[in-house]
Amino acid sequence: MISAEAACRRRSGPASVVTMLVAPLLLVLFVPFSPSSGAQLPNQAKAKDLPIATNGQPFPWDRMRLPTTVTPLHYDLAIHPNLTTLDFTGVVRIELDVHEDTNTVILHAKQMQISDVFLLAPEGIKRLKVLEYPRFHQLALLSDSVLIKGRKYEVHLAFAANLSDSFHGFYKGSYRTSSGEVRVLASTQFEATFARGAFPCFDEPAFKANFTIRIIREPRHIAISNMPMVKTVELPGGLLEDHFDTTVKMSTYLVAYIVSDFKSVSKTTQHGVKISIYAVPEKIDQTAFALDAAVKLLDFYDDYFDIPYPLPKQDLAAIPDFQSGAMENWGLTTYRETGLLFDPEKSSASDKLGITKVIAHELAHQWFGNLVTMEWWNDLWLNEGFAKFMEFVSLDITYPELHVDDFFLAKCFEAMEVDSLSSSHPVSTPVENPTQIQEMFDDVSYDKGACILNMLRDFLTPEAFEIGIVRYLKRYSYQNTVNSHLWESLTNICSSHDLDEGRLKHTEFCSKRKTQSGASKWYSGDELDVRAIMDTWTLQEGFPLVTVEVRGREVRLSQERYLKTDDPSPSEGFLWQIPLTYKTSASNTVHRFLLKTKTDFLFLPEEVDWVKFNVDMSGYYMVHYAGEGWNSIIKLLQHSHTALSGNDRANLIHNVFQLVSIEKVRLDTALELSLYLSRETKIMAVTQGFGELVPLYKLMEKRDMKVLENQMKSYIVDLFQDLIDQQEWNDSGSVSQRVLRSYLLLFSCVRNYAPCVTKATQLFNQWKDSDGTMSLPVDITMAVFVIGARTPEGWDFLFEKYRHSLQMSVKSRMKTAMAVSPLQDKLKWMMEQSLIGEIMKTQDLPDVVVSVSKNPHGYQLAWDFLRANWHTMIKKFDLGSSTISYLVTGVTNQYSTREMLDEVRSFFGSLTEETGSEMRCIQQAYETIEDNIRWMDKNLPLLQAWLDKRNRRVSHEDL
């Protein structure tokens, strides 16, 4: 037995079952290890330069990435979790393919005890020596004879470990029944580098293999995994062993298994795939919506990708303890309960939208990510950008009533927020260690990835884009890819070779395209170099700012990197190939122009009153309208804002305020543009207006400047007062109208708009008097709960209902309302309880802490809590994870004083690399605070002057 990186106690009692299964083999295998004189370690002559294993000997591999001399073909995995002692044992046999002669097998294992390690070779069974290098989570298996190139071998390892206390690897979870009983389960989360904590394996995405899994459990539990169960065997001691069918060829991070007491409901798709939703027994009645959505979406993808879903079943499991939103394990996707459970009586329109999107995302991964997988984590965006993009493509067709297009721009705005900092990274960027890999799961990989794919789809046409991505999936099924494979598949889509292997839609498109004229196309013939264009978007960080200046019929164009910094040097040397779109006052036609150089110009057919570039924000770039450009747009919005689409208006609001940050536009120009919002009704433009204006007073809340802060708050309420007054306190209207209603009523109550506070107070008191049995319209509950949580009595009542509710969406709204209460003792208690994880789930801790940090009564509490509990949280949520990034940036991004910057720098500067000092999110926090300081120094006098002038103007009009 070899001691692992962290000592894990061996189990007693039932643990012996796994040993019993392999005991006959062990009797034969027990052969002492005695290296022959010919056995050589790689680089043995340079042993002094090699890492040192835990036993003091040289470890024969010195790189983070595994060698490719040996690759896995098949894993036979038997695992036995004990949900009483909270540990597990297992045995894995790995069939190997040898590509070069070697006597060393390097693979991964993390924080587990390894024992009984043997080689099954053509010439017999041999014991292997094991060396361990915990820093890289690596094991070296040393053979006394050479493994010969071209031959197949098997290695056998027994292992034992504790179920993880975090949310990754093979980890323990629990839930409380309505009667107060705590029940335990065990589930997996292996992406990106956590399969190695559950069983020894080659834990890199390119090492694809087949997996045959057996799970030992008690009769009171069930086990589910990637594949259907083929049989259950009774074992001595009353235990059962479930045998699952062998998987398709896949990466380790997609392996999944759950041992629990879940119940399930099932349906079958039109293509014959069995869909099942698993949840805790008392919540199984909240699964109907997700089941129908999964059936509809899997059928859609089956047809859209023209590749049958390759497994006989697809399970969707709602996990009570889950860190991320969901995970695409092949055949067993896992979700937070809020991401899967829907109660038609209690869930909101935004809940329905969110659940449908997350299911669409994970099922898209069954093709993008699972069937075709990025070769290494540097190209994670090939998985996540595509899945994020396909959420919107699939729902636009399958659920048109959700109007997902109303919400896509928000993803691009969020990506730009991160991508405008010098600490951003290219979509495809080198990564090596687990922390760096975890950091790739960010807005750049997901949201920027989706936005540049949307731009490319608009550029190529949706038909050509679909043909290209289907070709990509078919070419590389069960393989690993890099960026260039995608660009090649999207190039020359009408070549004769592909027409022969294509489908009817492909043939019709290419035939039609041959007959079309070349007018208003981006390019001529098939000479388009997709790779040359898209490399400028994926291999360099940031995004372009296009400056447009109209002089008569001439439009002068220039591009530069948009960057929020005092130092111009990081923006030098950047050049993009930008698919520009524009429309003018003279025509509704969308014109197109590919800007490939630093400067260029184009000519309009006639002089125009205005020109709008980046039509509907189909492109991932900002636009500055130089000269009189912004004035002409402000005039248009003030007199005829509906001449532009809602997305165009949202795009203009975003761009003009972001340009204030880099001093391209004066703040008063942006504020003059915002005046038109008093007539705005479209959700994307309204929410973007809030998104640009609200942060201005949120910065002031962290300073002592109440007069200006209240002036700004009053301006925003006045601006949207008519729209707020139009809102009915019910659940009527489209999804977009209902989401907007929730947003507006919540804002107006938080801002103490009297009619809202009066109505919400009345409803909360009625609801409280009924002991929570009165049915409130779902879309207005956030506003009602927020007002109710302002008093100790109301907060306590809300918390009691939170504790006992089984509706996850209701609990989520209650949790948020409690976190924005002015009651500081309650805020501090909430954070503490979320960390403990008994009354409030620890998975919700990041949301609670960030919500408290946005609260003017709680931001100092949240910062103190983050510092005091930093080491606990990085252990629980993992260094580099999007959760830690969200905590760091969420708590600090509204600071705007040098004192707070010094405090933030002092804390994070005291960390070591092992505790997070090198994380990108810390640099992002510094940059954001510095940008806030610059903005306040530059613009506070302008803001004060503009608001004073407006108040005088309004007062004069009232007279």
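Residues numbered from 1 in each chain as written. Predicted model: local features only at pLDDT ≥ 70, side-chain atom pairs only at ≥ 80, totals over all residues. Heavy atoms only, no water.

Asker: What exactly am I supposed to notice about the overall build of the protein here?
Answerer: When helices and strands are counted, the protein shows 29 helices and 29 strands. What you see for the protein is a C-alpha radius of gyration of 29 Å, in line with the 30 Å of a compact globule of 959 residues. Considered along the principal axes of its C-alpha atoms, the protein spans approximately 100 × 70 × 60 Å. Within the protein, buried positions represent 60% of all 959 residues. Counting only contacts in the protein whose residues sit at least 6 apart along the sequence, the fraction spanning at least 24 positions is 72%. Carbon together with sulfur atoms contributes 50% to the accessible area of the protein, which is approximately 36,400 Å² in total. With 98 positive and 121 negative side-chain charges, the protein shows a separation of 1 Å between the mean positions of the two kinds. (Helix = DSSP H or I, 4+ residues; strand = E, 2+ residues; numbered from the N terminus. Rg over C-alpha atoms; globule rule 2.2 N^0.38 Å. Buried < 20%, exposed > 50% of the residue type's maximum accessible area, 1.4 Å probe, protein only. Contact = heavy atoms within 4.5 Å. Areas by Shrake-Rupley, 256 points an atom, 1.4 Å probe, with all protein chains shown as cover. Lys, Arg positive; Asp, Glu negative; His and termini not counted. Charge placed at Lys NZ, Arg CZ, Asp CG, Glu CD.)

Asker: Just checking my understanding: could you explain the pattern of salt bridges for this structure?
Answerer: A side chain of one charge can pair with a side chain of the opposite charge when the charged atoms of the two come close. In the structure shown here, the tally under the stated rule is 53 salt bridges. Note that E541 and R561 form a salt bridge whose closest N and O atoms lie 4.0 Å from each other. Placement of the pair is E541 in the loop between α12 (530-538) and β23 (544-551) and R561 in strand β24 (residues 554-561), with a sequence separation of 20 residues. Comparing E541 with R561 shows no difference in burial state: the two are buried. (Salt bridge = Lys/Arg side-chain N within 4 Å of Asp/Glu carboxyl O.)

Asker: Help me understand the UniProt feature "site: Transition state stabilizer" (unreviewed entry) in the protein, please; the structure alone is not making it clear to me.
Answerer: Here, UniProt's "site: Transition state stabilizer" (unreviewed entry) annotation points to Y446. Tracing the backbone shows Y446 in helix α7 (residues 443-460). Residue classification places Y446 among the partly exposed residues on the basis of a relative accessible area of 22%. Apart from the residues lying within four places of it in its own chain, the contact partners of Y446 are H361, E384, G385, K388 and F441. Only 3.4 Å separates the side chain of Y446 from the side chain of E384, close enough to count as a polar contact. (UniProt positions renumbered as here; feature names shortened; annotations may be inferred. Polar contact = N/O pair within 3.5 Å; in protein donor to acceptor, adjacent residues only side chain to side chain.)

Asker: Would you take a moment to explain the packing of aromatic side chains for this structure?
Answerer: Any aromatic ring pair is given by two values, namely how distant the centres are and how the planes are angled relative to each other. All told, the structure shown has 58 aromatic pairs when counted by the stated rule. With a centroid separation of 4.5 Å and 5° between ring planes, the pair formed by Y75 and F211 is classed as stacked. You can see Y75 sitting in strand β1 (residues 70-82) and its partner F211 sitting in strand β11 (residues 210-217), a full 136 residues away along the chain. Of the residues examined, Y75 reaches a relative accessible area of 0% and is grouped as buried. An aromatic cluster is present here, built from F300, Y301, Y304, F305, Y309, W367, F368, F386, F389, F465, Y472 and Y476 joined pairwise through their rings. The lysine or arginine in question, R65, covers the ring of W376, its NZ or CZ lying 3.7 Å from the ring centre. The aromatic ring of F167 is capped on one face by K876, whose charged end is 5.0 Å from the ring centroid. (Phe/Tyr/Trp six-rings, centres within 6.5 Å; stacked < 30°, edge-to-face > 60°. Lys NZ or Arg CZ within 6 Å of the ring centre and 35° of its normal.)

Asker: Hey, could you run me through the nonpolar core in this one?
Answerer: The nonpolar side chains of soluble globular proteins are, as a tendency, buried together. F199, Y257, I359 and F908 are the most contacted members of the largest nonpolar core, which has 319 residues in total. Ranked by residues supplied to this core, first place goes to helix α29 (residues 920-958) with twelve residues. The residues touching I359, leaving out its near neighbours within four places in the chain, are A290, A293, A294, L297, L316, Y335 and L340. (Core = buried A, V, L, I, M, F, W, Y, C linked by side-chain atoms within 4.5 Å.)

Asker: Can you help me understand the UniProt feature "domain: Aminopeptidase N-like N-terminal" (unreviewed entry) in the protein in this one?
Answerer: This chain's UniProt record puts "domain: Aminopeptidase N-like N-terminal" (unreviewed entry) on residues 72-254. With 0% helix and 59% strand, residues 72-254 has end C-alpha atoms that lie 15 Å from one another.

Asker: Before we go on, may I ask you to explain the state of the cysteines in this structure?
Answerer: Among covalent bonds in proteins, the disulfide is the one between the sulfur atoms of two cysteines. Tallied over the full model, the rule gives two disulfides. Here C412 engages in a disulfide with C451; their sulfurs sit 2.0 Å apart. Disulfide C412 to C451: torsion about the S-S bond roughly -105°, handedness left-handed. Placement of C412 in helix α5 (residues 405-419) and of C451 in helix α7 is noted, with a sequence separation of 39 residues between them. (Disulfide = S-S within 2.5 Å.)

Asker: So what exactly am I meant to see when it comes to unusual backbone geometry here?
Answerer: Backbone geometry follows two general trends: most residues other than glycine have a negative phi, and most peptide bonds adopt the trans configuration. In this structure, the amide linkage connecting E191 to the following residue, A192, adopts the cis form with an omega of 10°. Mapped onto the elements, A192 comes out in the loop between β10 (182-189) and β11. Phi is positive for D306, close to 60°, though the residue is something other than glycine. The residue D306 is located in the loop between α2 (288-304) and β18 (313-319) in this model.

Asker: Please clarify how the packing of α5 against helix α14 (residues 646-661) should be interpreted in this entry.
Answerer: Two quantities define a packed helix pair, namely the angle between the helix axes and the distance between the axes. With their axes 10 Å apart at the nearest point, α5 and α14 run at an angle of 15° to one another. The angle between the axes of α5 and α14 places the two elements in the roughly parallel class. Like other packed secondary-structure pairs, α5 and α14 cross with a definite hand, here right-handed. Contacts between α5 and α14 involve D405, L409, F413, M416 and E417 from the first element and N647, A650, N651, H654 and Q658 from the second. (Axes fitted to C-alpha atoms, helices over the stretch in contact; angles between N-to-C directions. Parallel < 35°, antiparallel > 145°, perpendicular 65-115°, else oblique. Left-handed = near helix turned anticlockwise from the far one by under 90°.)

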